[in-house]
Amino acid sequence: MAFLFQKFQEGVKTLAKSPTFAFARNPRQLQFEADMNRLFLYTSYNRLGKDADEADAEEIIDMASKASAAEQQKQVQENIHSQITSFCMSMDKILLPDIAEKDDESSVQSNATPRRSGLSFAVGKSAKPTDSLVVHETRPLKRAELSLKFKDAVGYMVDVKPSQIPHKEAGQGLFLCGEANVGAVIAIYPGVMYSPAYYRYIPGYPRVDAQNPYLITRYDGTVINAQPWGSGGEMREVWDGLTQPEISPKIEGAGKGSDRLWKLLSKPLESTRGGSGSEALERRNPLALAHFANHPAKEEASMRRFGSFWFKWGSLSSSGSNTPILKTLVLVATRTLSDEEVLLNYRLSNSKRRPAWYTPVDEEEDLRRWS
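All of these numbers come straight from a predicted model, not from anything done at the bench.

Chemist: Mind showing me how you'd approach the overall build of the protein chain here?
Modeler: When helices and strands are tallied, the protein chain shows eight helices and 10 strands. Across the 371 residues that make up the protein chain, the buried fraction comes to 51%. Nonlocal contacts in the protein chain, meaning residues at least 24 apart in sequence, comprise 79% of its contacts between residues at least 6 apart. Put simply, the protein chain shows about 18400 Å² of open surface, and 51% of that area lies on carbon and sulfur atoms.

Chemist: Is there a simple way to think about the packing of helix 4 (residues 69-95) against helix 6 (residues 143-154) in this case?
Modeler: In a pair of packed helices, the angle between the axes and the distance between the axes together describe the arrangement. As a packed pair, helix 4 and helix 6 sit with axes 10 Å apart at the nearest point and diverge in direction by 130 degrees. By the criterion of interaxial angle, the relationship of helix 4 to helix 6 is oblique. The way helix 4 lies across helix 6 gives a crossing that is right-handed. Here Phe87, Ser90, Met91, Ile94 and Leu95 of helix 4 lie close against helix 6, whose contacting residues are Leu146, Lys149, Phe150, Ala153 and Val154. Of the residues contributing to the contact of helix 4 with helix 6, the split by class is eight nonpolar, one polar and one charged.

Chemist: Help me understand the sheet that holds strand 10 (residues 337-342), please; the structure alone is not making it clear to me.
Modeler: Hydrogen bonding along the main chain pairs the strands of a sheet, whether they run parallel or antiparallel. The three strands lie next to each other as 1-2-10, forming an open sheet whose pairing is antiparallel. Here the strands that pair on one side only, and so sit at the sheet edges, are strand 1 (156-162) and strand 10. Recorded for the sheet is a direction-independent mean angle of 20 degrees between the axes of neighbouring strands. In this structure, strand 2 (residues 172-180) lies alongside strand 10, joined through five bridges in antiparallel fashion. Within strand 10, the position partnered with phenylalanine 175 by the bridge is glutamate 341. On the sheet, helix 6 packs against strand 1 and strand 2 and is oriented at approximately 135 degrees with respect to strand 1.

Chemist: Mind showing me how you'd approach empty space enclosed by the protein here?
Modeler: Space left empty within the atom packing is revealed by a probe, the size of a water molecule, rolled over the atoms. Summed over all chains, the structure comprises three cavities of 30 Å³ or more. Space inside the second largest cavity adds up to approximately 80 Å³. In terms of lining, the second largest cavity is formed by 10 residues, of which the most central are Ile165, Ala170, Asn294, His295 and Trp357. Tallied by class, residues from the lining of the second largest cavity come to five nonpolar, three polar and two charged.

Chemist: Sorry, what's going on with helix 3 (residues 54-66) here?
Modeler: Two residues of an α-helix separated by three or four positions point the same way, owing to the 3.6 residues in each turn. The end-to-end C-alpha separation of helix 3 is 19 Å, in line with the 18 Å expected for 13 residues at 1.5 Å each. Residues of helix 3 that are buried: Ala57, Ile60, Ile61 and Ala64. For helix 3, the angular spread of buried residues about the axis comes to 100 degrees, placing them on one side.

Chemist: Just checking my understanding: could you explain the packing of aromatic side chains for this structure?
Modeler: Think of a pair of aromatic rings as described by two things: how far the centres are apart, and how the planes are tilted against each other in angle. Following the criterion strictly, the structure yields six aromatic pairs and no others. Aromatic ring contacts, followed pair by pair, group Tyr346, Trp357 and Tyr358 into a single cluster. Directly above the ring of tryptophan 229 sits arginine 283, whose terminal nitrogen or CZ lies 4.8 Å from the centroid.

Chemist: Would you mind going over the pattern of salt bridges with me for this structure?
Modeler: Opposite charge on two side chains permits pairing when their charged atoms draw close. On inspection of all chains with the given rule, the structure shows 13 salt bridges. Across the salt bridge formed by lysine 66 and aspartate 62, the nearest N and O atoms sit 3.3 Å from each other. Of this pair, lysine 66 and aspartate 62 both sit in helix 3, four residues apart, roughly one helical turn. For glutamate 340, the salt bridge goes to arginine 335, with nearest N and O atoms at 2.8 Å. The class of arginine 335 is partly exposed, set by a relative accessible area of 22%. Via salt bridges that share partners, Asp35, Arg38, Arg347 and Glu365 belong to a single interconnected network.

About the cut-offs
- Residues numbered from 1 in each chain as written.
- Predicted model: local features only at pLDDT ≥ 70, side-chain atom pairs only at ≥ 80, totals over all residues.
- Heavy atoms only, no water.
- Helix = DSSP H or I, 4+ residues; strand = E, 2+ residues; numbered from the N terminus.
- Buried < 20%, exposed > 50% of the residue type's maximum accessible area, 1.4 Å probe, protein only.
- Contact = heavy atoms within 4.5 Å.
- Areas by Shrake-Rupley, 256 points an atom, 1.4 Å probe, with all protein chains shown as cover.
- Axes fitted to C-alpha atoms, helices over the stretch in contact; angles between N-to-C directions.
- Parallel < 35°, antiparallel > 145°, perpendicular 65-115°, else oblique.
- Left-handed = near helix turned anticlockwise from the far one by under 90°.
- Nonpolar A, V, L, I, M, F, W, Y, C, P; charged D, E, K, R; others polar.
- Pairing = 2+ DSSP bridges.
- 1 Å grid on protein atoms, 1.4 Å probe; cavity = no way out; pocket = protein on both sides within 12 Å on 5 of 7 lines; lining within 4 Å.
- Points joined across faces, edges and corners; volume = space filled by probe spheres on them.
- Expected span 1.5 Å × (residues − 1).
- Arc of directions from axis to C-beta.
- Phe/Tyr/Trp six-rings, centres within 6.5 Å; stacked < 30°, edge-to-face > 60°.
- Lys NZ or Arg CZ within 6 Å of the ring centre and 35° of its normal.
- Salt bridge = Lys/Arg side-chain N within 4 Å of Asp/Glu carboxyl O.

What follows is the structure, encoded as structure tokens:
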């Protein structure tokens, strides 16, 4: 696999310079397509698995050079969805007790809300809470216990510890325990999601970043506020989407400065969730800690390349489907990781003062991202 990965790395470097991307409508679109191209290669490589051969690798690299940006994005969604599905199955096996199956028809009639898997996420809702949601009984495992069992099943877990970044504002950092191959989903960015039409509801608006370093945005303008999620919790909870959950004390004072991750775009976002009611939140989610990942230090930024990618994942059925699509953000490994701190390229805009600790990984990428 090491030889195959070398071929993929060469493919990434070659395709990044391809004139294909020159046809993008604007620099921001150019950067998005370049990021999607790398994600296509990395996640497809990961999906090949240990049984892959050189012919498989060459075919994927060839596909990456010919497939359109839309086609590559769809494949990335499928690759990520496959990993998330596997995570959910592992979580269900760990958390859900062995209970005898009841009559399927009566179960469906009595509960219109489908069972949530272990990897449910916090999403904003405008509707009033209802009593229709059933929170299924789970094993009484502490979050630390759950994380260890998840590591046994998947091969890795993430944890929050004092960062190794040599800067006084580094605070807490995200660490991977175990080993993850390139293209693996490392962590998920949790929190309340706001489309551009609802920016004014972000706490502290318009200076939402003044007291909140845990904001991030996707290319499509969706802002994720991870502050309410904090460090997670020790149980599964019901949330009505309106009440602000209590913020864990561990997240306070861990900011990197008021400029960190405040990235808002103006592109409209269509609503993708329907229905009403509450959400079942698995606060023990072992991967919902991406908001603790630090930007690489100066010496690390000059030695390695770290990627940050924005994309949506969800059901890939036909466009006419009523299946809800959850727009979120995940961190994907751009190389093999083993028992080390996970770093994320923040790509801060140069249109405002950057904090002292920020060193661009690639200044040209930053400029294109915020052009």
